[in-house]
Amino acid sequence: MRPKTQVPKSGPGARRHVVLAYVLLLAVVLVWGMTFSLVKSALTATTPLMFNFVRMALAFAVLAAVNWPSLRGMTRTDLKLGAAAGLFLGLGYQFQTTGLKFTTASKAAFLTGLVVVIVPLMSAIPGVALPGSLRPTFDTYAGAVLAFAGLVLLTSPPGAGTALLSGIGLGEWLCLGCAVAFAAHLLMLARAAPRVSARRLGTLQIGFAAVVLLATLPLGGRPYFHGTAMLWIALGVTAVLATAAAFTIQSWAQQYLPASHTALIFTLEPVFAWLTSLLFFGEQLGRRAMLGAGLILAGILLAELRPTSRGKSQLLPIAGA
């Protein structure tokens, strides 16, 4: 094992690390945003659940190869916590990717972003509560109200009247289910992180997620897989860049950046998703939908920047499609 490099606290070396952290984290969020359009394109050549299984199996193979020394000597507690995190992660991806089949990439991105608002709301449920940094505050409830108003505007057509939720179709409901599953996953990680090393937990949750995806594969109908160039590109980007590499980069970059700055970068994910969907599919949001997307972003940002008991921000990634 190589000795751990000491990073200078000030001077040119420290500034280079900070600049690199900003650049790499912005690149990660850009990749996460692009994955919504990439996955939607790939779904013409495979079923959503088959795509998820192959993607997660590839990601697990990469992480297991890199983190193999960290997997030695696993305990029963490690396996239980890794399995619980993998269960919710796998369910989240199943909801999200299936939802992409029935809605636009931009809507899926904004709805998935609601996970940031849902996490503190779920932590208020008896038996789910975590340390104070994740408990709901006034900012959390205000963010939830803004996000709900944005959801209504984003999904309901003009002239919907009192039928405000009439525009929420199957794809949108599935993406909302994805946000809930991802919120449960983040809460599980908050419980597991102090007890399991980051590398071991990261590898185990991806491995168990692959098992969940395999077990639920028959629920998506008869699976098929046609190895087109777009499909393999989407698998490579989502498995290697958006999963294995992205979470590694994120863990490193957040050591050097203020939480508030990182939160601002994270809110760009649905914006990047909308821009790429506009570029690849010509998907445009009308004025009403744009206003709704803006309110969702405002709600996400308000929830991301909520203060903790130590005056800092509790950071929650969104993590792409």
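Only a predicted model underlies this, so the values are computations on that prediction, with no experimental measurement involved. (Residues numbered from 1 in each chain as written. Predicted model: local features only at pLDDT ≥ 70, side-chain atom pairs only at ≥ 80, totals over all residues. Heavy atoms only, no water.)

**Q** Sorry if this is basic, but what is going on with the state of the cysteines here?
**A** Note: disulfide means a covalent bond formed between the sulfur atoms of two cysteine side chains. Going through the model one piece at a time under the given rule, you end up with zero disulfides. Not part of a disulfide, Cys-175 finds its nearest cysteine sulfur in Cys-178, a span of 6.3 Å. Of the residues examined, Cys-175 reaches a relative accessible area of 0% and is grouped as buried. You can call Cys-178 buried: its relative accessible area is 0%. (Disulfide = S-S within 2.5 Å. Buried < 20%, exposed > 50% of the residue type's maximum accessible area, 1.4 Å probe, protein only.)

**Q** Where do I start with the nonpolar core in this structure?
**A** Among soluble globular proteins, nonpolar side chains are generally buried collectively. Counting residues in each nonpolar core, the largest one holds 68 residues, and the members touching the most others are Phe-51, Leu-114, Val-115 and Leu-154. For this core, the element with the highest residue contribution is helix α7 (residues 170-192), accounting for twelve residues. With residues up to four places along the chain from it excluded, the contact list for Leu-114 reads Ala-147, Leu-176, Ala-179, Ile-296 and Ile-300. Counting twelve residues, the second-largest nonpolar core is a separate cluster that includes Leu-25, Ala-242, Ala-246 and Ala-253. (Core = buried A, V, L, I, M, F, W, Y, C linked by side-chain atoms within 4.5 Å. Helix = DSSP H or I, 4+ residues; strand = E, 2+ residues; numbered from the N terminus. Contact = heavy atoms within 4.5 Å.)

**Q** Hey, could you run me through the packing of aromatic side chains in this one?
**A** Here the distance between the centres and the angle between the planes together describe a pair of aromatic rings. Overall, the coordinates contain two aromatic pairs when judged by the stated rule. Here the aromatic rings of Tyr-93 and Phe-182 are separated by 5.2 Å at their centres, their planes lie at 75°, and the arrangement is edge-to-face. Of this pair, Tyr-93 sits in helix α3 (residues 76-100) while Phe-182 is found in helix α7, placing the two residues 89 residues apart along the sequence. Its relative accessible area of 3% is what places Tyr-93 among the buried residues. (Phe/Tyr/Trp six-rings, centres within 6.5 Å; stacked < 30°, edge-to-face > 60°.)

**Q** Please clarify how the packing of helix α4 (residues 105-112) against helix α11 (residues 268-281) should be interpreted in this entry.
**A** Geometrically, a packed helix pair is captured by the angle between its two axes and the distance between the axes. Contact geometry of α4 with α11 gives a least axis separation of 8 Å together with a crossing angle of 175°. With respect to their mutual orientation, α4 and α11 come out roughly antiparallel. Residue-level inspection shows Ala-105, Ser-106, Ala-109 and Phe-110 of α4 in contact with α11, the latter providing Pro-270, Ala-273, Trp-274 and Ser-277. Classifying every residue of the contact of α4 with α11 by side-chain character gives six nonpolar, two polar and no charged. (Axes fitted to C-alpha atoms, helices over the stretch in contact; angles between N-to-C directions. Parallel < 35°, antiparallel > 145°, perpendicular 65-115°, else oblique. Nonpolar A, V, L, I, M, F, W, Y, C, P; charged D, E, K, R; others polar.)

**Q** Before we go on, may I ask you to explain a nonpolar patch on the surface in this structure?
**A** Among the surface-exposed residues, Val-62, Val-66, Val-240 and Leu-241 lie close enough to one another that they form a single nonpolar patch of about 300 Å² accessible area. Its place among the elements puts Leu-241 in helix α9 (residues 229-253). (Patch = residues over 30% accessible without salt bridge, like charges linked within 9 Å, V, L, I, M, F, W, Y side chains within 5 Å. Areas by Shrake-Rupley, 256 points an atom, 1.4 Å probe, with all protein chains shown as cover. Salt bridge = Lys/Arg side-chain N within 4 Å of Asp/Glu carboxyl O.)

**Q** For this particular structure, what's the right way to read the side chain of Thr-103?
**A** Mapped onto the secondary structure, Thr-103 falls in the loop between α3 and α4. At 2.6 Å, the side chain of Thr-103 forms a polar contact with the side chain of Glu-172. Discounting residues that sit within four places of it in the chain, Thr-103 has contacts with Lys-40, Ala-108, Gly-171, Glu-172 and Cys-175. (Polar contact = N/O pair within 3.5 Å; in protein donor to acceptor, adjacent residues only side chain to side chain.)

**Q** Whenever I open this one, the packing of helix α2 (residues 48-66) against α3 confuses me. Can you help?
**A** Contact geometry of α2 with α3 gives a least axis separation of 9 Å together with a crossing angle of 135°. As far as their axial angle goes, α3 and α2 are oblique. Between α2 and α3 lies a crossing of right-handed hand. Within the contact between the two elements, α2 uses Pro-48, Leu-49, Phe-51, Asn-52, Arg-55 and Met-56 and α3 uses Tyr-93, Gln-94, Thr-97 and Thr-98. Counted by class, the contact of α2 with α3 contains five nonpolar, four polar and one charged residues. (Left-handed = near helix turned anticlockwise from the far one by under 90°.)

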